[in-house]
2 protein chains.
Amino acid sequence: MYSLADMPTTPAEVRKIVGDGEWHRHTSGLCPGYTQANLAILPLEAAFEFLVFCQRNPRPCPVLDVTEPGSPHPRLLAPSADVRTDLPLYRIYRRGELQAEVDDITPYWRDDLVAFLLGCSLTFDWALLNAGVPLRHREEDKITAVYVTNIPCTPAGRFHGPLVVSMRPMSPTHAIRATQITSRYPSNHGAPVHIGDPAAIGITDLSRVDYGDAVSVKPGELPVFWACGVTPQAVALESKPELMITHAPGCMFISDVRDAELSVL
Amino acid sequence: MYSLADMPTTPAEVRKIVGDGEWHRHTSGLCPGYTQANLAILPLEAAFEFLVFCQRNPRPCPVLDVTEPGSPHPRLLAPSADVRTDLPLYRIYRRGELQAEVDDITPYWRDDLVAFLLGCSLTFDWALLNAGVPLRHREEDKITAVYVTNIPCTPAGRFHGPLVVSMRPMSPTHAIRATQITSRYPSNHGAPVHIGDPAAIGITDLSRVDYGDAVSVKPGELPVFWACGVTPQAVALESKPELMITHAPGCMFISDVRDAELSVL
């Protein structure tokens with residue numbers, strides 16, 4: 001098995017190692033500068049409604065690629081990749097219930113499956129660090145703090161549910177700079193959706209996360225909230241689709257596209 | 001009948017006048033500052049493939065709203081509007097052939113129709129004029145010059161075809177400023193796709209437009225090319241859908257959303 005230090009830095013090489021079953025851990029830190037993506041696979045029967053849900057809620061659900069029904073190849077993000085093998089770990093859900101965690105979904109693949117690849121905040125975490133904006137969860141060696149808000153997403157067909165957000169505590173100066181920087185990445189959640197009072201968006205206690213790890217908020221800091229890629233997964237699972245396959249937490253798809261290629265300015 | 005000077009400036013009032021059949025002309029100049037949109041209506045059977053086509057080609061096909069199947073109300077852009085009556089003039093296509101031009105599509109409406117509202121360059125034309133970038137087609141009282149390029153769109157299912165572009169001649173200084181300004185509006189075609197030599201994108205003669213009007217290019221000016229909303233319409237018609245309904249040229253949907261609300265920075 002490989003360690004992070006042994007890993008190559010190009011996406012195709014890393015996907016090969018992952019596809020060969022030699023890397024089962026999370027993908028944070030792999031291929032710096034290349035866009036990583038959330039994965040959600042649904043039957044074609046649900047795909048139009050899900051894509052409309054994403055279109056109506058672009059902050060939590062920025063769509064980077066949609067495969068042709070039955071094709072495991074994401075033509076925009078990495079035409080040579082295979083979403084059935086190239087992620088370290090997957091989750092199989094049947095009617096909304098977690099059924100299995102596997103490192104290869106080839107046995108589950110069907111001609112009517114459509115894979116959605118959605119933007120991920122790893123992209124702007126890199127952009128923030130590059131711009132000298134410190135990230136508390138990195139300092140504390142944790143994963144991002146994630147909360148369910150009282151803000152409803154715009155529904156589409158069977159899909160509806162609350163907006164899920166990630167939170168990063170920042171000084172006011174860094175909150176302003178972070179707003180500028182993340183605005184450049186609408187394909188990866190874009191600008192914050194809220195700054196300041198957590199109660200205003202239905203979060204009563206920052207120490208009680210719904211996903212991820214709680215991080216410390218220091219005196220004088222503002223909590224800054226971004227729409228989170230957990231939203232589409234949580235919303236899709238709520239609708240209890242007959243089959244849904246996702247990446248396991250932190251085990252993202254590594255694309256051939258550089259973060260800088262997806263920025264608007 | 002109303003003249004432009006008599007027309008109110010709020011979208012709901014203008015849509016009422018249009019819906020009452022008292023305005024059949026193009027919508028340029030109506031409701032300055034409010035986003036106008038291209039309309040494409042397709043049967044649900046083709047809607048997923050068309051939406052994937054738009055997702056894969058966001059420059060020519062920026063999706064602003066998708067209605068629920070059978071609903072004529074665009075909930076994101078103007079929940080009180082009705083796409084069956086609120087545009088001045090529509091075109092009905094059967095199997096890719098223009099069948100009729102009508103001012104009310106209620107008789108053609110069906111439970112399986114889905115309306116797509118797509119961003120339009122009227123938005124950034126306003127932004128350019130506001131920033132002091134002159135527009136030749138306005139100076140010459142024409143509509144924009146539009147060309148079919150040799151750049152293929154990324155196909156999706158039955159939908160494929162070349163990118164269509166609009167062209168605005170500009171001084172190098174204005175071309176740079178226009179690139180900055182239009183980059184802020186990815187929902188309305190965003191930054192240019194090409195600057196300079198028309199032959200590089202398959203346009204042999206700027207005086208021979210494929211749509212719209214040719215405009216003069218002065219010495220020292222560069223032609224600047226943006227992806228154009230004619231693209232999705234042309235591509236959809238090429239696939240000869242059983243039924244497709246669009247706005248008539250220049251007779252756009254006027255939304256409740258301000259252009260400034262759709263800018264990313």
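Residues numbered from 1 in each chain as written. Chains lettered and ligands numbered in written order. Predicted model: local features only at pLDDT ≥ 70, side-chain atom pairs only at ≥ 80, totals over all residues. Heavy atoms only, no water.

Draft legend 1. Geometry of the interface of chain A and chain B. Between chain A and chain B, the contact holds 27 residues from the first and 26 residues from the second. Buried area between chain A and chain B, summed over both chains or domains, comes out near 2000 Å², and the portion from carbon and sulfur atoms is 65%. Viewed at the interface, chain B and chain A are joined by two salt bridges. In this structure, Glu 68 of chain A and Arg 56 of chain B form a salt bridge, with 2.7 Å as the shortest nitrogen-oxygen distance. Scanning the region where chain A abuts chain B turns up 12 residue pairs in polar contact (both at pLDDT 80 or more). At the level of elements, helix 2 (44–56), strand 2 (63–66), strand 5 (113–118) and helix 5 (172–183) of chain A are the ones that each hand at least two residues to the side of chain A that touches chain B. Ranked by residue count, the leading element in the side of chain A that touches chain B is helix 2 of chain A, at seven residues. Taken together, the residues that form the side of chain A that touches chain B break down as 17 nonpolar, six polar and four charged. (Contact = heavy atoms within 4.5 Å. Buried area = accessible area lost by both parts, 1.4 Å probe. Salt bridge = Lys/Arg side-chain N within 4 Å of Asp/Glu carboxyl O. Polar contact = N/O pair within 3.5 Å; in protein donor to acceptor, adjacent residues only side chain to side chain. Helix = DSSP H or I, 4+ residues; strand = E, 2+ residues; numbered from the N terminus. Nonpolar A, V, L, I, M, F, W, Y, C, P; charged D, E, K, R; others polar.)

Draft legend 2. Broad picture of the relation of the copies chain A and chain B. Screw-axis analysis of chain A against chain B gives a translation of 0.0 Å along the axis, an RMSD of 0.0 Å, and a rotation angle of 180°. Classification of the inter-copy transformation places it as that of a two-fold axis. Identified as the residue of chain A closest to the rotation axis by C-alpha distance is Phe 48 of chain A, at 2.4 Å. Interface overlap between copies is the fraction of interface residues in one copy that are interface residues in the other; for chain A against chain B it reaches 96%, indicating a shared surface. (Least-squares fit on C-alpha atoms with pLDDT ≥ 70 in both.)

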